[in-house]
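For reference, the chains in residue letters:
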Amino acid sequence: MAVRSIDELELEGKRVFIRVDFNVPIDEDGRVRDDQRIRAAMPTIRHAIKARSKVILASHLGRPKGRPDPSYSLEPAGLRLSEILDQEVLLADDCIGDGVNKMVQDLPPGGVLLLENLRFHSEEEANDPTFAKELASIADVWVMDAFGTAHRAHASTAGMAEHVAERAAGFLLKKELDYLDRTLKDPQKPFVVILGGAKVSDKIKVIDALIARCQFLLIGGAMAYTFLSAKGSSVGGSRVEKGSVEQARRILGRASERGVEVLLPIDHVVALDLEGVGRRITEGVDIPHGVMGLDIGPRTTELFREKIETAGTVFWNGPLGLFENAAFSKGTFAIAKAIAEASCISVVGGGDSAAAVDQAGISDKVTHVSTGGGASLELVEGRGLPGVIALEQ
Ligand code: ADP
Ligand code: MG
(Lines give C-alpha, C1' and ligand atoms only; values in the text may rest on other atoms or scores of the structure.)
(Ligands and ions follow the chains in the order given, each with its own letter.)
Protein backbone atom coordinates (compact mmCIF):
# COMPACT_ATOMS: atom_id res chain seq x y z
CA MET A 1 0.00 0.00 0.00
CA ALA A 2 1.19 3.49 -0.74
CA VAL A 3 2.34 5.83 1.96
CA ARG A 4 1.53 9.51 1.68
CA SER A 5 4.34 11.99 1.89
CA ILE A 6 4.14 15.17 3.96
CA ASP A 7 4.21 17.36 0.85
CA GLU A 8 0.92 15.84 -0.32
CA LEU A 9 -0.97 17.35 2.62
CA GLU A 10 -2.37 20.81 3.23
CA LEU A 11 -0.76 21.83 6.53
CA GLU A 12 -1.58 25.50 6.99
CA GLY A 13 -2.91 26.27 10.47
CA LYS A 14 -2.90 22.59 11.44
CA ARG A 15 -1.23 21.04 14.47
CA VAL A 16 1.44 18.88 12.89
CA PHE A 17 2.97 16.33 15.26
CA ILE A 18 6.28 15.15 13.84
CA ARG A 19 7.89 12.07 15.40
CA VAL A 20 11.56 12.77 14.85
CA ASP A 21 14.67 10.89 15.91
CA PHE A 22 16.59 13.32 18.14
CA ASN A 23 18.26 10.47 20.02
CA VAL A 24 21.61 12.25 19.84
CA PRO A 25 24.74 11.82 21.96
CA ILE A 26 25.10 14.47 24.68
CA ASP A 27 28.51 15.36 26.14
CA GLU A 28 29.35 16.12 29.80
CA ASP A 29 28.62 19.85 29.41
CA GLY A 30 25.10 19.03 28.25
CA ARG A 31 25.73 19.86 24.61
CA VAL A 32 24.89 17.83 21.52
CA ARG A 33 28.08 16.04 20.48
CA ASP A 34 26.86 14.93 17.04
CA ASP A 35 23.88 16.66 15.43
CA GLN A 36 23.57 14.41 12.36
CA ARG A 37 20.16 13.09 13.38
CA ILE A 38 18.83 16.61 13.98
CA ARG A 39 20.11 17.67 10.57
CA ALA A 40 18.54 14.62 8.96
CA ALA A 41 15.12 15.79 10.18
CA MET A 42 15.52 19.35 8.85
CA PRO A 43 13.82 18.96 5.44
CA THR A 44 10.60 17.82 7.12
CA ILE A 45 10.75 20.43 9.89
CA ARG A 46 11.50 23.27 7.46
CA HIS A 47 8.66 22.15 5.21
CA ALA A 48 6.18 22.19 8.11
CA ILE A 49 7.36 25.66 9.20
CA LYS A 50 7.12 27.03 5.69
CA ALA A 51 3.63 25.59 5.31
CA ARG A 52 2.68 27.67 8.40
CA SER A 53 1.58 24.79 10.55
CA LYS A 54 1.98 24.53 14.31
CA VAL A 55 5.07 22.35 14.43
CA ILE A 56 5.14 19.90 17.35
CA LEU A 57 8.26 17.75 17.58
CA ALA A 58 8.54 14.61 19.67
CA SER A 59 11.39 12.17 20.22
CA HIS A 60 12.99 9.84 22.70
CA LEU A 61 16.55 10.18 23.95
CA GLY A 62 18.48 7.37 25.60
CA ARG A 63 16.93 4.91 28.02
CA PRO A 64 15.44 6.88 30.93
CA LYS A 65 13.56 3.88 32.44
CA GLY A 66 10.04 5.24 32.04
CA ARG A 67 10.34 8.21 34.40
CA PRO A 68 11.63 11.79 34.19
CA ASP A 69 15.43 11.97 34.37
CA PRO A 70 17.08 15.35 33.66
CA SER A 71 20.17 13.67 32.21
CA TYR A 72 17.98 12.48 29.33
CA SER A 73 16.26 15.81 28.69
CA LEU A 74 15.80 16.87 25.07
CA GLU A 75 16.75 20.44 26.00
CA PRO A 76 20.23 20.26 24.40
CA ALA A 77 18.65 18.98 21.20
CA GLY A 78 16.18 21.85 21.28
CA LEU A 79 18.99 24.40 21.70
CA ARG A 80 20.90 22.89 18.78
CA LEU A 81 17.75 22.88 16.67
CA SER A 82 17.08 26.54 17.34
CA GLU A 83 20.68 27.35 16.29
CA ILE A 84 20.25 25.44 13.04
CA LEU A 85 16.84 26.98 12.33
CA ASP A 86 17.86 30.41 13.58
CA GLN A 87 14.44 30.51 15.17
CA GLU A 88 13.04 30.14 18.66
CA VAL A 89 12.19 26.58 19.70
CA LEU A 90 9.85 26.26 22.68
CA LEU A 91 10.61 23.46 25.09
CA ALA A 92 7.87 21.70 27.01
CA ASP A 93 8.70 20.02 30.31
CA ASP A 94 6.61 16.96 29.41
CA CYS A 95 5.07 15.41 26.31
CA ILE A 96 1.46 15.28 27.56
CA GLY A 97 -0.72 17.17 30.03
CA ASP A 98 -2.27 20.59 30.57
CA GLY A 99 0.96 22.54 30.23
CA VAL A 100 1.63 20.98 26.84
CA ASN A 101 -1.97 21.54 25.69
CA LYS A 102 -1.69 25.23 26.55
CA MET A 103 1.63 25.58 24.73
CA VAL A 104 0.18 23.96 21.63
CA GLN A 105 -2.85 26.23 21.78
CA ASP A 106 -0.66 29.34 22.00
CA LEU A 107 1.80 28.22 19.32
CA PRO A 108 1.61 30.57 16.32
CA PRO A 109 1.63 29.24 12.72
CA GLY A 110 5.23 28.48 11.80
CA GLY A 111 6.16 28.18 15.48
CA VAL A 112 8.10 25.19 16.79
CA LEU A 113 7.48 23.32 20.04
CA LEU A 114 9.72 20.46 21.16
CA LEU A 115 8.09 18.07 23.62
CA GLU A 116 10.13 16.51 26.41
CA ASN A 117 11.49 12.94 26.11
CA LEU A 118 8.66 10.54 25.28
CA ARG A 119 10.34 7.78 27.27
CA PHE A 120 9.87 9.70 30.52
CA HIS A 121 6.62 7.73 30.39
CA SER A 122 6.84 3.93 30.37
CA GLU A 123 3.58 3.97 28.38
CA GLU A 124 5.52 5.13 25.31
CA GLU A 125 7.42 1.87 24.77
CA ALA A 126 4.47 -0.18 26.03
CA ASN A 127 2.38 1.43 23.28
CA ASP A 128 -0.30 2.13 25.87
CA PRO A 129 -3.56 3.08 24.08
CA THR A 130 -4.56 5.80 26.58
CA PHE A 131 -1.15 7.44 26.31
CA ALA A 132 -1.25 7.16 22.51
CA LYS A 133 -4.65 8.86 22.49
CA GLU A 134 -3.35 11.64 24.70
CA LEU A 135 -0.42 12.28 22.38
CA ALA A 136 -2.82 12.29 19.45
CA SER A 137 -5.11 14.80 21.16
CA ILE A 138 -2.68 17.64 20.42
CA ALA A 139 -2.36 16.72 16.72
CA ASP A 140 -4.36 17.08 13.53
CA VAL A 141 -1.64 15.43 11.47
CA TRP A 142 0.82 12.71 12.51
CA VAL A 143 4.05 12.77 10.56
CA MET A 144 6.38 9.84 11.04
CA ASP A 145 10.01 10.72 10.30
CA ALA A 146 11.90 8.73 12.96
CA PHE A 147 13.23 6.01 10.69
CA GLY A 148 15.63 4.68 13.33
CA THR A 149 12.66 3.71 15.56
CA ALA A 150 10.21 2.76 12.81
CA HIS A 151 10.80 -0.92 13.59
CA ARG A 152 9.35 -0.42 17.06
CA ALA A 153 5.61 -0.31 17.75
CA HIS A 154 5.59 2.42 20.37
CA ALA A 155 2.84 4.95 21.15
CA SER A 156 4.47 7.77 19.17
CA THR A 157 5.77 5.61 16.31
CA ALA A 158 2.61 3.60 15.68
CA GLY A 159 -0.10 3.66 18.37
CA MET A 160 -1.20 7.28 17.97
CA ALA A 161 -1.74 6.92 14.21
CA GLU A 162 -5.32 5.71 14.44
CA HIS A 163 -6.35 8.67 16.61
CA VAL A 164 -5.35 11.47 14.24
CA ALA A 165 -7.20 12.84 11.23
CA GLU A 166 -4.29 12.59 8.79
CA ARG A 167 -0.98 10.70 8.53
CA ALA A 168 2.09 11.12 6.36
CA ALA A 169 5.71 10.09 6.06
CA GLY A 170 8.36 12.76 6.52
CA PHE A 171 11.04 13.25 3.88
CA LEU A 172 13.66 11.23 5.76
CA LEU A 173 11.43 8.19 6.20
CA LYS A 174 10.29 8.49 2.60
CA LYS A 175 13.87 8.52 1.36
CA GLU A 176 14.78 5.46 3.42
CA LEU A 177 11.77 3.61 2.03
CA ASP A 178 12.66 4.62 -1.52
CA TYR A 179 16.21 3.32 -1.29
CA LEU A 180 16.04 0.38 1.11
CA ASP A 181 12.76 -0.96 -0.17
CA ARG A 182 12.05 0.19 -3.72
CA THR A 183 15.62 0.35 -5.08
CA LEU A 184 16.80 -2.89 -3.51
CA LYS A 185 13.66 -4.78 -4.58
CA ASP A 186 14.17 -3.76 -8.17
CA PRO A 187 17.92 -3.14 -8.44
CA GLN A 188 19.87 -2.31 -11.54
CA LYS A 189 21.90 -5.36 -12.46
CA PRO A 190 24.39 -6.63 -11.73
CA PHE A 191 23.36 -6.25 -8.12
CA VAL A 192 26.41 -6.68 -5.89
CA VAL A 193 25.83 -7.23 -2.18
CA ILE A 194 28.72 -6.79 0.24
CA LEU A 195 28.23 -8.22 3.71
CA GLY A 196 30.55 -8.10 6.66
CA GLY A 197 30.30 -7.38 10.35
CA ALA A 198 30.47 -9.42 13.45
CA LYS A 199 27.94 -12.19 13.26
CA VAL A 200 26.26 -14.37 10.67
CA SER A 201 23.48 -15.18 13.13
CA ASP A 202 22.42 -11.48 13.23
CA LYS A 203 22.04 -11.41 9.50
CA ILE A 204 20.68 -14.75 8.28
CA LYS A 205 17.35 -13.24 7.24
CA VAL A 206 18.98 -10.32 5.45
CA ILE A 207 21.27 -12.70 3.58
CA ASP A 208 18.33 -14.91 2.60
CA ALA A 209 16.34 -11.94 1.35
CA LEU A 210 19.27 -10.57 -0.66
CA ILE A 211 20.26 -13.90 -2.21
CA ALA A 212 16.88 -13.92 -3.90
CA ARG A 213 17.72 -10.66 -5.69
CA CYS A 214 21.48 -10.28 -6.16
CA GLN A 215 23.96 -11.65 -8.71
CA PHE A 216 27.08 -11.39 -6.55
CA LEU A 217 27.53 -11.79 -2.82
CA LEU A 218 30.84 -10.59 -1.38
CA ILE A 219 31.44 -11.68 2.20
CA GLY A 220 34.08 -10.27 4.54
CA GLY A 221 34.37 -9.32 8.20
CA ALA A 222 34.21 -11.79 11.05
CA MET A 223 31.24 -13.52 9.47
CA ALA A 224 33.46 -14.70 6.59
CA TYR A 225 35.25 -17.17 8.89
CA THR A 226 32.04 -19.03 9.60
CA PHE A 227 31.53 -19.36 5.83
CA LEU A 228 35.16 -20.38 5.24
CA SER A 229 34.84 -22.93 8.00
CA ALA A 230 31.72 -24.31 6.28
CA LYS A 231 33.82 -24.71 3.14
CA GLY A 232 36.54 -26.58 5.02
CA SER A 233 39.26 -23.88 5.03
CA SER A 234 41.36 -23.57 8.16
CA VAL A 235 40.51 -20.40 10.05
CA GLY A 236 42.99 -20.62 12.94
CA GLY A 237 41.82 -18.67 15.98
CA SER A 238 39.39 -16.46 14.05
CA ARG A 239 35.91 -15.80 15.36
CA VAL A 240 33.67 -18.61 14.12
CA GLU A 241 30.10 -19.07 15.22
CA LYS A 242 30.05 -22.82 15.64
CA GLY A 243 26.26 -22.85 15.82
CA SER A 244 25.94 -21.11 12.45
CA VAL A 245 28.31 -23.19 10.31
CA GLU A 246 25.43 -25.36 9.13
CA GLN A 247 23.38 -22.24 8.28
CA ALA A 248 26.33 -20.89 6.33
CA ARG A 249 26.52 -24.15 4.38
CA ARG A 250 22.81 -23.93 3.62
CA ILE A 251 23.19 -20.30 2.45
CA LEU A 252 26.05 -21.26 0.13
CA GLY A 253 23.90 -24.09 -1.27
CA ARG A 254 20.97 -21.78 -1.88
CA ALA A 255 23.19 -19.19 -3.53
CA SER A 256 24.56 -21.77 -5.93
CA GLU A 257 21.05 -23.05 -6.79
CA ARG A 258 20.05 -19.49 -7.65
CA GLY A 259 23.16 -18.79 -9.68
CA VAL A 260 24.45 -16.21 -7.19
CA GLU A 261 28.25 -16.06 -7.23
CA VAL A 262 29.62 -15.92 -3.68
CA LEU A 263 33.05 -14.39 -3.19
CA LEU A 264 34.83 -15.13 0.09
CA PRO A 265 38.19 -13.72 1.20
CA ILE A 266 41.23 -15.27 -0.50
CA ASP A 267 43.73 -13.70 1.91
CA HIS A 268 43.61 -12.06 5.33
CA VAL A 269 45.27 -9.67 7.72
CA VAL A 270 45.93 -11.79 10.81
CA ALA A 271 47.38 -11.13 14.27
CA LEU A 272 47.89 -12.80 17.61
CA ASP A 273 45.41 -10.49 19.34
CA LEU A 274 42.97 -7.64 18.76
CA GLU A 275 45.70 -5.04 19.44
CA GLY A 276 47.58 -6.23 16.39
CA VAL A 277 50.57 -8.03 17.91
CA GLY A 278 52.25 -10.16 15.23
CA ARG A 279 50.20 -8.58 12.47
CA ARG A 280 50.82 -9.97 8.99
CA ILE A 281 49.14 -10.90 5.73
CA THR A 282 48.46 -14.54 4.87
CA GLU A 283 49.59 -15.97 1.57
CA GLY A 284 46.32 -17.66 0.80
CA VAL A 285 42.91 -18.47 2.18
CA ASP A 286 44.09 -20.67 5.06
CA ILE A 287 44.81 -19.13 8.44
CA PRO A 288 47.44 -20.83 10.59
CA HIS A 289 46.89 -21.96 14.16
CA GLY A 290 47.20 -19.36 16.89
CA VAL A 291 46.39 -16.26 14.82
CA MET A 292 43.06 -14.75 13.91
CA GLY A 293 41.72 -12.98 10.83
CA LEU A 294 40.92 -9.33 11.53
CA ASP A 295 40.70 -7.75 8.06
CA ILE A 296 40.50 -8.81 4.43
CA GLY A 297 43.88 -8.97 2.70
CA PRO A 298 45.03 -6.91 -0.32
CA ARG A 299 44.22 -9.61 -2.89
CA THR A 300 40.69 -9.94 -1.54
CA THR A 301 40.30 -6.15 -1.60
CA GLU A 302 41.32 -6.16 -5.26
CA LEU A 303 38.95 -9.05 -6.07
CA PHE A 304 36.06 -7.23 -4.41
CA ARG A 305 36.96 -3.90 -6.00
CA GLU A 306 36.86 -5.39 -9.50
CA LYS A 307 33.40 -6.78 -8.84
CA ILE A 308 32.13 -3.48 -7.40
CA GLU A 309 33.35 -1.68 -10.55
CA THR A 310 30.96 -3.72 -12.71
CA ALA A 311 27.91 -3.21 -10.47
CA GLY A 312 24.63 -1.53 -11.41
CA THR A 313 23.62 -1.43 -7.77
CA VAL A 314 25.65 -2.03 -4.61
CA PHE A 315 24.27 -2.70 -1.16
CA TRP A 316 26.78 -2.77 1.68
CA ASN A 317 26.24 -3.82 5.27
CA GLY A 318 28.90 -4.68 7.80
CA PRO A 319 32.56 -3.61 8.03
CA LEU A 320 35.06 -6.00 6.44
CA GLY A 321 37.35 -6.06 9.44
CA LEU A 322 37.87 -4.76 12.95
CA PHE A 323 37.96 -1.25 11.47
CA GLU A 324 37.89 0.52 14.87
CA ASN A 325 41.58 -0.42 15.12
CA ALA A 326 43.60 1.38 12.42
CA ALA A 327 45.71 -1.77 11.97
CA PHE A 328 42.64 -3.55 10.59
CA SER A 329 40.72 -0.74 8.87
CA LYS A 330 42.41 -0.84 5.47
CA GLY A 331 40.07 -3.36 3.86
CA THR A 332 36.91 -1.58 5.02
CA PHE A 333 38.11 1.86 3.88
CA ALA A 334 39.36 0.52 0.53
CA ILE A 335 35.96 -1.03 -0.14
CA ALA A 336 34.25 2.23 0.88
CA LYS A 337 36.48 4.04 -1.61
CA ALA A 338 35.71 1.49 -4.34
CA ILE A 339 31.99 2.06 -3.79
CA ALA A 340 32.49 5.83 -3.93
CA GLU A 341 34.36 5.54 -7.22
CA ALA A 342 31.94 3.14 -8.90
CA SER A 343 29.31 4.69 -11.14
CA CYS A 344 26.44 2.71 -9.69
CA ILE A 345 23.58 3.21 -7.26
CA SER A 346 25.03 2.57 -3.83
CA VAL A 347 23.15 2.01 -0.60
CA VAL A 348 24.80 1.52 2.78
CA GLY A 349 22.90 0.25 5.82
CA GLY A 350 23.86 -0.53 9.42
CA GLY A 351 25.16 1.60 12.28
CA ASP A 352 28.82 0.57 12.13
CA SER A 353 28.82 0.58 8.33
CA ALA A 354 27.48 4.14 8.26
CA ALA A 355 30.20 5.12 10.75
CA ALA A 356 32.84 3.51 8.51
CA VAL A 357 31.57 5.39 5.46
CA ASP A 358 31.67 8.59 7.47
CA GLN A 359 35.24 7.95 8.67
CA ALA A 360 36.31 7.10 5.13
CA GLY A 361 35.01 10.57 4.18
CA ILE A 362 32.85 9.35 1.31
CA SER A 363 29.31 9.81 2.69
CA ASP A 364 28.47 12.32 -0.04
CA LYS A 365 29.61 9.94 -2.79
CA VAL A 366 27.23 7.19 -1.74
CA THR A 367 23.70 7.38 -3.21
CA HIS A 368 22.12 6.68 0.16
CA VAL A 369 23.52 6.08 3.64
CA SER A 370 20.76 4.84 5.86
CA THR A 371 20.34 6.52 9.25
CA GLY A 372 18.68 3.48 10.79
CA GLY A 373 20.60 0.51 12.18
CA GLY A 374 18.12 -2.23 13.05
CA ALA A 375 15.33 -0.61 11.07
CA SER A 376 17.40 -0.63 7.84
CA LEU A 377 18.09 -4.33 8.09
CA GLU A 378 14.49 -5.20 8.93
CA LEU A 379 13.36 -3.24 5.90
CA VAL A 380 15.85 -4.99 3.62
CA GLU A 381 14.66 -8.32 5.02
CA GLY A 382 11.25 -7.34 3.67
CA ARG A 383 9.67 -7.18 7.11
CA GLY A 384 6.93 -4.58 7.52
CA LEU A 385 7.97 -1.84 9.95
CA PRO A 386 5.26 -0.90 12.50
CA GLY A 387 5.91 2.81 11.94
CA VAL A 388 5.31 2.39 8.21
CA ILE A 389 2.34 0.03 8.53
CA ALA A 390 0.71 2.65 10.78
CA LEU A 391 0.99 5.13 7.90
CA GLU A 392 -0.75 2.75 5.54
CA GLN A 393 -3.95 2.36 7.58
P1 ADP B 1 26.51 -2.89 11.21
O2 ADP B 1 26.33 -2.13 12.50
O3 ADP B 1 26.96 -2.03 10.10
O4 ADP B 1 25.29 -3.72 10.87
P5 ADP B 1 27.81 -5.09 12.58
O6 ADP B 1 27.32 -4.55 13.87
O7 ADP B 1 27.23 -6.35 12.07
O8 ADP B 1 27.71 -3.95 11.45
O9 ADP B 1 29.38 -5.36 12.68
C10 ADP B 1 30.31 -4.39 13.00
C11 ADP B 1 31.38 -4.91 13.89
O12 ADP B 1 32.00 -6.05 13.37
C13 ADP B 1 32.46 -3.88 14.06
O14 ADP B 1 32.55 -3.54 15.42
C15 ADP B 1 33.72 -4.59 13.59
O16 ADP B 1 34.86 -4.29 14.36
C17 ADP B 1 33.36 -6.04 13.73
N18 ADP B 1 34.19 -6.89 12.87
C19 ADP B 1 34.22 -6.92 11.53
N20 ADP B 1 35.15 -7.80 11.11
C21 ADP B 1 35.72 -8.34 12.20
C22 ADP B 1 36.73 -9.32 12.43
N23 ADP B 1 37.35 -9.91 11.42
N24 ADP B 1 37.03 -9.63 13.70
C25 ADP B 1 36.40 -9.04 14.73
N26 ADP B 1 35.45 -8.10 14.58
C27 ADP B 1 35.10 -7.76 13.34
MG1 MG C 1 26.44 -2.75 14.56
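In this text, all values refer to a predicted model and were calculated from it rather than measured experimentally.

Asker: Talk me through helix α6 (residues 129–136); I want residue IDs and the actual numbers.
Answerer: Burial in α6 covers these residues: Phe131, Ala132, Leu135 and Ala136. End-on, the buried residues of α6 take up no more than an arc of 140°, which puts them together on one face. The exposed set on the far side of α6, more than 90 degrees from its buried face, consists of Thr130 and Lys133. At its buried positions, α6 is contacted by β1 (15–19) and α5 (122–125). The opening residue of α6 is Asp128, an N-cap whose side-chain oxygen sits 3.2 Å from the backbone nitrogen of Thr130.

Asker: Outline the pairing of strand β12 (residues 292–296), supporting the account with residue identities and numerical values.
Answerer: Sheet faces and side chains relate simply in a regular strand, where the side chains alternate between the two faces. Counting buried residues in β12 gives five out of five residues, a clear majority hidden from the surface. Here strand β10 (residues 268–271) runs beside β12; their pairing, made up of four bridges, is antiparallel. Looking across to β12, one finds that Val269 is bridged to Asp295.

Asker: Please give an account of the site of ligand 1 that cites residues and values.
Answerer: Around ligand 1 lies a shell of 20 residues, among which Lys203, Asn317, Glu324, Asp352 and Ser353 are the nearest. In the model, an oxygen atom of ligand 1 is placed 2.4 Å from a nitrogen or oxygen of the Ser353 side chain. For ligand 1, whose unbound accessible area comes to 580 Å², protein coverage reaches 87%. Among the secondary structure elements, those contributing two or more residues to the shell around ligand 1 are β12 and α13 (351–359). Looking at which element gives the most residues to the shell around ligand 1, the answer is α13, with three residues. Partitioned by chemical class, the residues of the shell around ligand 1 number seven nonpolar, nine polar and four charged.

Asker: How would you explain the nonpolar core if you had to name every residue and give the values?
Answerer: Formed by 73 residues in total, the largest nonpolar core has its most connected members in Phe17, Leu115 and Phe227. Sort the elements by how many residues they give to this core and helix α9 (residues 223–230) lands first, with six residues. Looking at which domains feed residues into this core, each of domain 1 (6–172) and domain 2 (180–380) supplies at least three. In contact with Phe17, not counting residues within four places along its chain, are Ile56, Ala58, Leu115, Leu135, Ile138, Ala139, Val141, Trp142, Val143 and Met160. If you look at the next biggest cluster of nonpolar residues, it comprises 29 residues, including Leu9, Val24, Val55 and Leu114.

Rules of the game
- Residues numbered from 1 in each chain as written.
- Chains lettered and ligands numbered in written order.
- Predicted model: local features only at pLDDT ≥ 70, side-chain atom pairs only at ≥ 80, totals over all residues.
- Heavy atoms only, no water.
- Buried < 20%, exposed > 50% of the residue type's maximum accessible area, 1.4 Å probe, protein only.
- Helix = DSSP H or I, 4+ residues; strand = E, 2+ residues; numbered from the N terminus.
- Arc of directions from axis to C-beta.
- Contact = heavy atoms within 4.5 Å.
- Polar contact = N/O pair within 3.5 Å; in protein donor to acceptor, adjacent residues only side chain to side chain.
- Pairing = 2+ DSSP bridges.
- Near = heavy atom within 4 Å.
- Areas by Shrake-Rupley, 256 points an atom, 1.4 Å probe, with all protein chains shown as cover.
- Nonpolar A, V, L, I, M, F, W, Y, C, P; charged D, E, K, R; others polar.
- Core = buried A, V, L, I, M, F, W, Y, C linked by side-chain atoms within 4.5 Å.
- Domains from an automatic or database assignment.

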